[in-house]
Number of protein chains: 8
Amino acid sequence: MDQSEIKNLLEQVRDGHLTIDQGLEKLKHLPYEDLGFVKIDHHRQLRRGFAEVVYCAGKTVEQVQKIMEALAKTEKNILGTRATPEMYEAVQDVVPDAEYHQLARLITVQRGEQKQVGNILVACAGTSDLPVAEEAAITAEIMGAKVDRLYDAGVAGIHRLLMNRGKLDAAKVVVVVAGMEGALASVVGGLVDKPVIAVPTSVGYGASFNGLAALLAMLNSCSAGVTVVNIDNGFGAGYAAAMINRMGE
Amino acid sequence: MDQSEIKNLLEQVRDGHLTIDQGLEKLKHLPYEDLGFVKIDHHRQLRRGFAEVVYCAGKTVEQVQKIMEALAKTEKNILGTRATPEMYEAVQDVVPDAEYHQLARLITVQRGEQKQVGNILVACAGTSDLPVAEEAAITAEIMGAKVDRLYDAGVAGIHRLLMNRGKLDAAKVVVVVAGMEGALASVVGGLVDKPVIAVPTSVGYGASFNGLAALLAMLNSCSAGVTVVNIDNGFGAGYAAAMINRMGE
Amino acid sequence: MDQSEIKNLLEQVRDGHLTIDQGLEKLKHLPYEDLGFVKIDHHRQLRRGFAEVVYCAGKTVEQVQKIMEALAKTEKNILGTRATPEMYEAVQDVVPDAEYHQLARLITVQRGEQKQVGNILVACAGTSDLPVAEEAAITAEIMGAKVDRLYDAGVAGIHRLLMNRGKLDAAKVVVVVAGMEGALASVVGGLVDKPVIAVPTSVGYGASFNGLAALLAMLNSCSAGVTVVNIDNGFGAGYAAAMINRMGE
Amino acid sequence: MDQSEIKNLLEQVRDGHLTIDQGLEKLKHLPYEDLGFVKIDHHRQLRRGFAEVVYCAGKTVEQVQKIMEALAKTEKNILGTRATPEMYEAVQDVVPDAEYHQLARLITVQRGEQKQVGNILVACAGTSDLPVAEEAAITAEIMGAKVDRLYDAGVAGIHRLLMNRGKLDAAKVVVVVAGMEGALASVVGGLVDKPVIAVPTSVGYGASFNGLAALLAMLNSCSAGVTVVNIDNGFGAGYAAAMINRMGE
Amino acid sequence: MDQSEIKNLLEQVRDGHLTIDQGLEKLKHLPYEDLGFVKIDHHRQLRRGFAEVVYCAGKTVEQVQKIMEALAKTEKNILGTRATPEMYEAVQDVVPDAEYHQLARLITVQRGEQKQVGNILVACAGTSDLPVAEEAAITAEIMGAKVDRLYDAGVAGIHRLLMNRGKLDAAKVVVVVAGMEGALASVVGGLVDKPVIAVPTSVGYGASFNGLAALLAMLNSCSAGVTVVNIDNGFGAGYAAAMINRMGE
Amino acid sequence: MDQSEIKNLLEQVRDGHLTIDQGLEKLKHLPYEDLGFVKIDHHRQLRRGFAEVVYCAGKTVEQVQKIMEALAKTEKNILGTRATPEMYEAVQDVVPDAEYHQLARLITVQRGEQKQVGNILVACAGTSDLPVAEEAAITAEIMGAKVDRLYDAGVAGIHRLLMNRGKLDAAKVVVVVAGMEGALASVVGGLVDKPVIAVPTSVGYGASFNGLAALLAMLNSCSAGVTVVNIDNGFGAGYAAAMINRMGE
Amino acid sequence: MDQSEIKNLLEQVRDGHLTIDQGLEKLKHLPYEDLGFVKIDHHRQLRRGFAEVVYCAGKTVEQVQKIMEALAKTEKNILGTRATPEMYEAVQDVVPDAEYHQLARLITVQRGEQKQVGNILVACAGTSDLPVAEEAAITAEIMGAKVDRLYDAGVAGIHRLLMNRGKLDAAKVVVVVAGMEGALASVVGGLVDKPVIAVPTSVGYGASFNGLAALLAMLNSCSAGVTVVNIDNGFGAGYAAAMINRMGE
Amino acid sequence: MDQSEIKNLLEQVRDGHLTIDQGLEKLKHLPYEDLGFVKIDHHRQLRRGFAEVVYCAGKTVEQVQKIMEALAKTEKNILGTRATPEMYEAVQDVVPDAEYHQLARLITVQRGEQKQVGNILVACAGTSDLPVAEEAAITAEIMGAKVDRLYDAGVAGIHRLLMNRGKLDAAKVVVVVAGMEGALASVVGGLVDKPVIAVPTSVGYGASFNGLAALLAMLNSCSAGVTVVNIDNGFGAGYAAAMINRMGE
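These numbers were taken from a predicted model, which means no experiment stands behind them.

Rules used in this analysis
- Residue indices begin from 1 for each chain and proceed along its sequence in written order.
- Working convention: letters from A go to chains and numbers from 1 go to ligands, in the order in which they are written.
- Where totals are concerned, whole chains, interfaces and linings use all residues; where local detail is concerned, this predicted model gives features only for residues with pLDDT of at least 70, and gives and counts side-chain atom pairs only at 80 or more.
- Water and hydrogen atoms play no part in the side-chain values, which are based on all heavy atoms of the structure.
- By the convention used here, strands pair only if DSSP detects at least 2 bridges between them.
- A run of H or I in DSSP counts as a helix once it spans at least four residues, and a run of E counts as a strand once it spans at least two, with each numbered from the N terminus.
- Axis lines are fitted through C-alpha atoms, for helices just across the contact stretch, and the angle between N-to-C directions can take any value from 0 to 180 degrees.
- Where each domain starts and ends comes from a domain assignment, either automatic or drawn from a database.
- Defined in terms of a 1.4 Å probe, buried area is the accessible area two parts forfeit on being brought together, summed over both.
- Salt bridge, as used here, is a side-chain nitrogen of Lys or Arg placed within 4 Å of a carboxyl oxygen of Asp or Glu.
- For the purposes of these results, a polar contact is taken to be a pair of N or O atoms within 3.5 Å, where, inside protein, one atom must be able to donate a hydrogen and its partner to accept one; residues adjacent in sequence count only when each atom of the pair is a side-chain atom.
- Expected span of a helix: the number of residues minus one, times 1.5 Å.
- Buried residues are those whose accessible area, probed at 1.4 Å on protein chains only, stays under 20% of the maximum for their type, while exposed residues exceed 50% and partly exposed ones sit between those limits.
- Overlaid copies result from least-squares superposition on C-alpha atoms, with residues included only where pLDDT is at least 70 in both.
- Our arc is simply the arc of the directions from the helix axis toward the C-beta atoms.
- In this analysis, two residues are considered to be in contact whenever any of their non-hydrogen atoms come within 4.5 Å of each other.
- The pairing test for Phe, Tyr and Trp rings, Trp by its six-membered ring, is centres within 6.5 Å, and the orientation test on the planes gives stacked under 30 degrees, edge-to-face over 60, and tilted for anything in between.
- Gly falls in the polar group here, along with every residue not listed as nonpolar (Ala, Val, Leu, Ile, Met, Phe, Trp, Tyr, Cys, Pro) or charged (Asp, Glu, Lys, Arg).
- Every angle not falling under 35 degrees, over 145, or within 65 to 115 is termed oblique; those three ranges are roughly parallel, roughly antiparallel and roughly perpendicular.
- Here a crossing is taken to be left-handed if its near helix is turned anticlockwise relative to the far helix by less than a right angle, and right-handed if that turn runs clockwise.
- The predictor's confidence in any single residue is recorded as pLDDT, a number from 0 to 100.

**Remarks on the sheet that holds strand E4 (residues 77-81) of chain C**
Residue and element names in this part refer to chain C. With mixed pairing, the four strands of this open sheet are ordered in space as E3-E4-E6-E5. Edge positions in the sheet fall to strand E3 (53-55) and strand E5 (99-101), since each of these pairs with one other strand and no more. On average, adjacent strands in this sheet sit at an angle of 20° to one another, irrespective of strand direction. Relative to E4, E3 is paired through three bridges, and the arrangement is parallel. The residue bridging Val54 from the neighbouring strand is Gly80, located in E4.

See below:
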């Protein structure tokens, strides 16, 4: 959808040929900017409630740079996941207000004051799970959620979890991040009456099979209400949690 | 926790030795009824927001009968999943107001008028997915959700989905049930700005590997905000959707 | 080793050509009775501390009958695992004091008073795990262990476990039986300072993959000191627990 | 088949001892050039319609160089797949008109004017799928197909696909390249009445299992008419599409 | 799309408000008949070139009957796959001209004279592969293809294949059906210059893993131009072959 | 190859236009009898050293009957594997000298006196492995091998094996049949200086994954000289052993 | 639990408001030190019988350093597993008495004289298994066990094992470490009447699938009494063995 | 077994206390040299027919050096597999007559004239399979076999194989090395009446899963008489082939 198309559409609205709702609907589904190797979905904010997120893995540094540059022209908040420091440096050249979160491998741009609502608890089982937990937490924050953290609360010392029931009780949604046997998701799920989003991590070795063990465990959780995202997909969990979290706010 | 313990606890509340909140807290975590082969968790309603759900598979008809009988004495709503007709007959003998949903393999007991709030859309890809879709829908209904259905809307004829955008737009949460390649979850996820819970089904053959193909597809969805439950786990999806659905009501 | 060989060996001991220890050593390793389709290892009691156990699956009813009959002539205690009721009936014809444990699918023969020492706790997560849990418990009992049971104590209602810490504390060894996500093993492992033997069960569906999920979870337990046996291998867990349990008695 | 054999064969044709067809048949199936470590199949062009393609992975730089050199003596068009820049440099020394396509990792030699017929559409889901998509597109082009490209049209923003229905309608064959959940193949398959060749890519992480998720999804496509090639096998898809594309031209 | 909508659409075409092409386009994408549990896609013939195919597995006999009845009212040719004899009997009651192909488990309805064009060769490796081969052959025939068969031509006796080169040469497309190690696809692929569609079957045992061995083998075929469908998916192969076969006719 | 072709060929040999060797060569590769659903390879005896073996699984009773009948007209020895009793009954009607080996599920026809040479030892780990072991043993016998048996010699009581070293020493080839962990193959392989063919069986449960555990173990044997066949493939092991066994006789 | 809480608890004990046992119980389950990214479980020694073990993989050098430093303030013995030399160097700066075991990748701190009781035999199959075997042995030693070693005793030369029966007989517990087919566990298990803990290693290639073959083999051991830990988990085996070994001492 | 033991044994033979056969028997099973981290099995030549082979992967350079040095003192022929150039350099320092075969990654020591008997054909499908094929060929040669090679004869151009039937006919045993779909093993197996040992290689990508595809294909070969070794296990195939090859010489 080039400039003239948008202009034409707006004129139709102004002149009463399209109602406001019709105009919104058209804007929601049609337009994208075509860079050849990528179609940038500028209106995803309207349709999905958040701007397009850039999955940086498998892209060249130059591609990431160009996509972020294009998004930066129209979007308020931008998120790039699985970004390397090299990618960040290239992005910073063209989007000076971009920030990098090394542990979480995220590039973020956040403009204006973001109101943070609700309460998401991100809990993780061990220190080695932190990169994924932080990816979830920062994703949720940039989407406008208030986030609390409860780290290193694995079931090998369950009192570390039980002593923090207050955090569980205060949350609207809980994200549980765990590798190895992933048991934390089931234990948390059994303690709360709110949605639990489980993120298996690839932390472990041998028969962990890069996170398969935790993934299967979480999918088979005996606690109802637990849903699961891909291995190491902190972003997906943070995104889903933020969507749930804003309900009723 | 036997009768005397509960009595004692209540006396403490009455006499001001425990506040109401302290009393509630104690009741939340302690008691269960021990039948030897099963510990019935009568207070799960308090702790989790819904009474204990009975997973009937792998239990004898007699065990299911006894557990349902025990629950029926104290609970308002009861749910038994993966129940055979034989189990239902045995339960009906001792819990006359139990109902059976053959397609969904559910035994339900629902007492009093249940107010149905919010709006969950249960969508499925094909007719063969109906048993799982119905398990999700009925589970959500017994937990107090208003449920809409959109069946046989698989991506092989995507206009069947696109023509029902109104149903997608009206929902607070969407449950997507699909077997084979499970693509419906990603397509729906890309169209809405609300939580999508994906249920892979074992519908398919060969390299479907009993639902593995759909499960992996859903876990790898390119649409953010999609979370996943176990293969054929309509109950789990319905339960999670109902928890999310009641937020903000 | 036929009769004459044993006679000759004993004569050598009597006449001082072999010491008692040398005689014992020879008897330990050599003899078995050859029925053609099976070699019955009558002296396993000496070598392993318990008579040969008959794995009945995959054998014909007639084969099981003949093996049990042969063992019954010389052994005090006999154990047949994964036995069908038909097998039991055939065995009973020739070994009248054989007993059948339907849930655990065990045929046992127990002669004389068995002293029961130590204390093994067999815990299971759900009612559907009972067949495997009972296989473990009865196996340990016939091997001379005192066995306590804690059933239906899964992590979805962790207070059911925490309220039974006394049972955990009293045990010398704990056998944990669980299907689905198998989280109970890690939680128990984190609470005790004694060996935990985890038995994954095939209870579950979909991504449980017939017990694979629980197996992987238990192998990846974050609680040190947990060792694992094959899926549904209650016998193996009971056997190992009994060997550990008798240490120090 | 050395020179004298070919000479002899041609003499037989000249003298009428073999018909033209018999001569062609013999030439089709017999000859290859033996370099010891490789047998170069110079007449594959006759038999298969395209010269032997060199799979460079797992070969040494020197082997690739020698094979390409030998092919370059007799073939019009040559294709080397999965070639590294080092391999290309070595080839260029002996085949100066060789070209390198970095993204697609292809070495090509194209001599004379190649007429490009038909119309193959290569569509891909995301920017990270480009290397595989380009491998397919260039392979088809060197085999004489006209190729159109539709990149970054994944189902998370399905309007990007629907707005390009013209490209779908104009194609004779569609190659769909997608990683993660690979849903694009089913959606495209449901929209067109022409052959769709699906290429799963290893783009993704965690439960993508290096492309397994997309592979299984595509094999289980609910849209009839979709066939599948190996993960990341852009070459195979381009080759098959080119064979179909030239039918009826 | 109810009657009035279609009527309205046609009036628009008649009155020149829509061109013929616009009218066709609209009809292509919109309508379906909604039976509640199924949405019947009557216009798939326009969009995909063949009427909706009914996948009968996982549906009740009654559902299959109703769907076939609805399709029979408007379609010329109908295909039901993976149908049991019971399903056929129920269908026959309401669609008397339906036929049943027992080996291939297909229900077909074929009205009027079907012209059979082109030439598809369906080859299979062993007699045990016949059900899948016949599913492919009959599917292609009902879609208007001329089909030749070459059965029991596995590579253990490769002369059986080589002696039938005439059949390979005469075909426009080849469907290769094979279980066990699935080598036939690669051998055929290396002999011809036309598209080869490979169908792995679940024939075999042990490490065949229900067709996984043949599937992986075919996906890894060293012969370019081979594409693959799901295990035992004779229908899919026949459908794709028929689409290719009609090109250029 | 019809009668006239064979006649013509023989005339050419008689008249000296073909040498004996050329005639044999031609006969080796060409002929088969085409029953439509099967191509019977009557000359496999010449080419492979043993007549075509009929894999009965997946064939109808009638197909098996017809194939055996056709083979019985020209072959001396016939073997049908994985045959049911029903198949045998049908075969017996048309081939009265056919025999059935129930445990091994084999149909055999053996005509004239078979000289049995060499010495193959078939060893198995447990009684449950007998069906596969007998399939191997009888296959080897019908191919002319002398076969010795050593059953129930698993490593849980390794003296049963060590006491039978004489049998190991006397054999030219050893076939080792074992399920569960399949350790017997490695132990035997370490004791002998002759080829060991290992057959994993599906005996076991849980993480045996229907023989996968034994298969992987045998493929990874630390004893050099062990080769492996498919799970439960007693026939294949017996066949390969017989081919090796006749070397040097 | 901060200082004041502990002080308060101790005062209660001193004043008789809590018995010694009650005080011990409270201390067992409550306290941990919170460093933000990690919760250090100082009282695990009381609860589990050994101080918290640090799993170093996936942690930053700085995190490992801080955790070890914190533990070093209160613990007598410390163990860090899967530590790199870089981690050790950083730890040594702050915990000068830390030692590094390069082969086993362990950091240990051992203060005061450690009495070594019982007798654990660590046996391994090949030299390549040494890193895992040493991890097991040193873990057991730091937990107070006397450890004997029997290395390179794989079943390919079973006399190496049989000649060391004295070591097997002298042990209270046996740890068996083996890669490839892992047969050593079953052979040892069949020879002894004591607990055997099997550790599969990732030694091998191809169908070893990084230790899966050995893992499955050990889980399916035909010798009763064998329990299994994760692939390459020498630490877990040593820990469990040490817990069993101290029984009865 | 130290010197004195051997001396004593020989004296017993000399003096007639042991027969020659008894002496040989004792020497066969007893001795090894213990270097601590390895037990060198000097008499394997007697027991297995070839000296101990050193699997170098997973060993340190120093360990390999010491083992080779020890073997070099007593053995005539030595073989080290999967050796790096670094290992070879270290070995050469202490065993100057050691040779290195770079492609095959083998270290060999061969002393005296080795008579080469029989005839093993090593065939491979593609140039990328050469390292494994050479490992097989050189292993067989050092064990005294005459070896012929047929390389790059994959089924994509089957005439390359068929034109070399002379090589197949001349061999006593055939080793077939192939990656990707591994079809060559079945095709060769169907053409010959001699043992075929199949070696799957990890050549390929995507759904080759590092050689799994070829492995499964070979295990499911429809050609009887094919046995299989581990992925990339050229050594194992060469060893087994050499054992078979010397039969009857």
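Once you've had a look at it, read on.
**Some details on the domain arrangement of chain A**
Many authors give the size of an interface as the accessible area that is lost as the parts come together. Residues and elements named next belong to chain A. Splitting chain A by domain gives domain 1 (31-110) and domain 2 (117-245). Taking only C-alpha atoms, the centre of domain 1 and the centre of domain 2 are 26 Å apart. Taking both partners together, domain 1 and domain 2 bury about 1200 Å²; carbon and sulfur atoms supply 69% of that area. Across the contact surface, domain 1 and domain 2 share zero salt bridges. Here domain 1 is connected to domain 2 by one residue pair in polar contact (both at pLDDT 80 or more).

**A few points about helix H6 (residues 130-142) of chain G**
Residue and element names in this part refer to chain G. Between its first and last C-alpha, H6 extends 18 Å over 13 residues, near the 18 Å set by a 1.5 Å rise per residue. The element H6 is extensively covered by neighbouring structure, given that eleven of its 13 residues are classed as buried. Those residues of H6 that sit buried are Leu130, Val132, Ala133, Glu134, Glu135, Ala136, Ala137, Ile138, Thr139, Ala140 and Ile142. Taken from the residues just after H6, Gly144 is the one with a positive phi, measuring 100°.

**What to know about the pairing of strand E6 (residues 106-110) of chain B**
Regular strands have side chains that alternate between both faces of the sheet. Residues and elements named next belong to chain B. For E6, the tally of buried residues reaches four of five residues, placing the bulk of the element in the interior. Of the pairings in the sheet, the one linking strand E4 (residues 77-81) to E6 comprises four bridges and is antiparallel in character. In the sheet register, Leu79 faces E6, and the bridge partner there is Thr108. Pairing of strand E5 (residues 99-101) with E6 involves three bridges; the strand directions are antiparallel.

**Considerations on the relation of the copies chain H and chain F**
For the pair chain H and chain F, the best superposition has an RMSD of 0.1 Å and corresponds to a rotation of 180° with a translation of 0.0 Å parallel to the axis. What the superposition gives is, in effect, a two-fold axis relating one chain to the other. When each C-alpha of chain H is compared by its distance to the rotation axis, Gly248 of chain H comes out closest, at 1.8 Å.

**Describing helix H5 (residues 85-94) of chain B**
Residue and element names in this part refer to chain B. Among all positions of H5, only Met87, Tyr88, Ala90 and Val91 are buried. Taken end-on, H5 shows its buried residues confined to a sector of 165°, consistent with a single buried face. Opposite the packed face of H5, turned more than 90 degrees from it, sit the exposed residues Glu89 and Asp93. Contacts from the buried residues of H5 go to helix H4 (61-74), E5 and E6.

**Quick look at the relation of the copies chain G and chain H**
For the pair chain G and chain H, the relating rotation is 90°, the translation along its axis is 0.0 Å, and the fit reaches an RMSD of 0.1 Å. On the angle and the small slide along the axis, the relation comes out as a four-fold axis. Relative to the rotation axis, the C-alpha of Phe209 of chain G is the closest in chain G, positioned 7.2 Å from it.

**Comments concerning the pattern of salt bridges**
Inspection of every chain in the model, using the stated rule, returns 64 salt bridges over all chains. Put simply, Glu141 of chain B and Arg149 of chain B hold a salt bridge, and the shortest N to O gap is 3.2 Å. Here Asp169 of chain C and Arg165 of chain C are joined by a salt bridge, their closest N and O atoms 3.8 Å apart. Taken together, the positions of Asp169 of chain C and Arg165 of chain C, both in helix H8 (residues 165-170) and four residues apart, correspond to about one turn of that helix. One salt-bridge network, held together by shared partners, links Glu134, Glu141 and Arg149 of chain A.

**Description of the packing of aromatic side chains**
As enumerated under the stated definition, the model contains 24 aromatic pairs over all chains in all. With a centroid separation of 5.7 Å and an interplanar angle of 65°, the aromatic rings of Phe235 of chain B and Tyr239 of chain B are classed as edge-to-face. Here Phe235 of chain B and its partner Tyr239 of chain B are both found in helix H11 (residues 234-245), four residues apart, which amounts to about one turn of the helix. An identical accessibility class is assigned to Phe235 of chain B and Tyr239 of chain B; each is buried. Ring centres of Tyr88 of chain E and Tyr100 of chain E lie 5.2 Å apart, and the angle between their planes is 20°; this geometry places the pair in the stacked category.

**Considering the interface of chain G and chain H**
Across the boundary between the two partners, chain G contributes 20 residues, which contact 24 residues of chain H. Carbon and sulfur atoms make up 54% of the surface buried where chain G meets chain H, a total of about 1800 Å² over both sides. Together, Thr127, His159 and Tyr205 of chain G form the three largest contributors to the area buried by chain G at its contact with chain H, with a combined 35%. Across the contact surface, chain G and chain H share zero salt bridges. At the junction of chain G with chain H, the criterion picks out four residue pairs in polar contact (both at pLDDT 80 or more). Residues that form the side of chain G that touches chain H fall into these classes: ten nonpolar, eight polar and two charged.

**What about the sheet that holds strand E3 (residues 53-55) of chain G?**
Residue and element names in this part refer to chain G. With mixed pairing, the four strands of this open sheet are ordered in space as E3-E4-E6-E5. The outermost strands of the open sheet, each flanked by one partner alone, are E3 and strand E5 (99-101). The average angle at which neighbouring strand axes cross in this sheet is 20°, direction not considered. Each of E3, strand E4 (77-81) and strand E6 (106-110) is contacted by helix H4 (residues 61-72), which is oriented at about 165° to E4, the strand it contacts most.

**A closer look at the packing of helix H10 (residues 212-219) of chain A against helix H10 (residues 212-219) of chain C**
It is the contact of H10 of chain A with H10 of chain C, at a shortest axis distance of 8 Å, that shows an interaxial angle of 125°. Put simply, H10 of chain A runs oblique to H10 of chain C. The element H10 of chain A and its partner H10 of chain C pack so that their crossing is left-handed. In contact with Leu212, Ala213, Leu216 and Ala217 of chain A of H10 of chain A, H10 of chain C contributes Leu212, Ala213, Leu216 and Ala217 of chain C. Split by residue class, the contact of H10 of chain A with H10 of chain C holds eight nonpolar, no polar and no charged.

**Here's the deal with the pairing of strand E9 (residues 173-178) of chain E**
Residue and element names in this part refer to chain E. Here E9 lies mainly inside the structure; six of its six residues are buried. Covered by surrounding structure in E9 are Val173, Val175 and Val177 together with Val174, Val176 and Ala178, the residues of both alternating faces. The pairing of strand E7 (residues 117-124) with E9 spans five bridges and is parallel. Bridge pairing links Val122 to Val175 in E9. Sheet analysis places E9 next to strand E10 (residues 196-200), joined by five bridges and oriented parallel.

**Some words on the interface of chain H and chain F**
Across the contact, 35 residues belong to chain H and 35 residues belong to chain F. In total, about 2800 Å² of surface goes out of reach between chain H and chain F, with carbon and sulfur atoms giving 58% of it. Where chain H touches chain F, the interface holds zero salt bridges. Where chain H packs against chain F, one counts six residue pairs in polar contact (both at pLDDT 80 or more). Counting only elements with at least two residues in the side of chain H that touches chain F, the list comes to helix H3 (44-48), helix H8 (165-170), helix H9 (184-191), helix H10 (212-219), strand E11 (226-228) and helix H11 (234-245) of chain H. Take the side of chain H that touches chain F: its biggest share by element is five residues, from H11 of chain H.

**Details of the confidence of the model for chain A**
A residue-level look at chain A finds 86% of positions with pLDDT of 70 or above and a mean pLDDT of 87. Predicted complex, confidence summary: ipTM 0.87, pTM 0.90.

**Focus on the side chain of Glu134 of chain D**
Residue and element names in this part refer to chain D. Topologically, Glu134 is positioned in helix H6 (residues 130-142). A distance of 2.7 Å separates the side chain of Glu134 from the side chain of Tyr151, its partner in a polar contact. If near-sequence neighbours (up to four positions away) are discounted, Glu134 is found in contact with Leu103, Ala104, Arg149 and Tyr151.

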